[in-house]
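Observations on the three-dimensional arrangement
Read off the chains here:
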Amino acid sequence: MKWVEMIRVRSTPGHLDAVLPELVEQLADLPCETGLLRHGVYDGDIAALLIWHEGDPRPSREGAMIAERMRAHGTTDHAVWIPASPALET
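Cut-offs and rules
- Residues numbered from 1 in each chain as written.
- Predicted model: local features only at pLDDT ≥ 70, side-chain atom pairs only at ≥ 80, totals over all residues.
- Heavy atoms only, no water.
- Pairing = 2+ DSSP bridges.
- Helix = DSSP H or I, 4+ residues; strand = E, 2+ residues; numbered from the N terminus.
- Axes fitted to C-alpha atoms, helices over the stretch in contact; angles between N-to-C directions.
- Contact = heavy atoms within 4.5 Å.
- 1 Å grid on protein atoms, 1.4 Å probe; cavity = no way out; pocket = protein on both sides within 12 Å on 5 of 7 lines; lining within 4 Å.
- Points joined across faces, edges and corners; volume = space filled by probe spheres on them.

Time to look at the sheet that holds strand β2 (residues 33-38). Spatially, the 4 strands line up as an open sheet ordered β2-β3-β1-β4, and their pairing is antiparallel. In this open sheet, the two edge strands, each paired with only one partner strand, are β2 and β4 (75-81). Pairs of neighbouring strands in the sheet enclose a mean axial angle of 15°, with direction left out of account. Strand direction decides the pairing type here: strand β1 (residues 3-10) and β4, joined by 7 bridges, are antiparallel. When the sheet's bridge partners are listed, Glu5 is paired in β4 with Val80. Against the sheet, helix α1 (residues 20-28) makes contact with β2 and β3 (45-52), and its axis sits at roughly 160° relative to β2, the strand it touches most.

Have a look at this one:
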């Protein structure tokens, strides 16, 4: 089953710019598909996506580590999402 961890960080505009290169590097080293999103309206918000294609939906050790590192930069939310429609399951 495919499932996604989303780690969202809310910070101040420009604050996360210095952190992004390190975060991109950390995501590239993970054993899952990853993505990084910037909020379209609030400049200080980013979300890291960890997309898993097997296993039980649960917060992973890797996701917890990313969330813990990002807590120093702003309010952080770490959640697990599962597909709600068949089109998203592949």
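That covers the picture; the talk isn't over yet.
Taken as a whole, the largest pocket spans an internal volume of roughly 190 Å³. Taken together, Arg8, Val9, Arg10, Leu37, Arg38, His39, Asp45, Ile46, Ala47, Thr75, Thr76 and Asp77 make up the lining of the largest pocket. At the level of secondary structure, the elements contributing two or more residues to the lining of the largest pocket comprise β1, β2, β3 and β4.

From the geometry alone we can't say anything about function, so treat these as descriptive.
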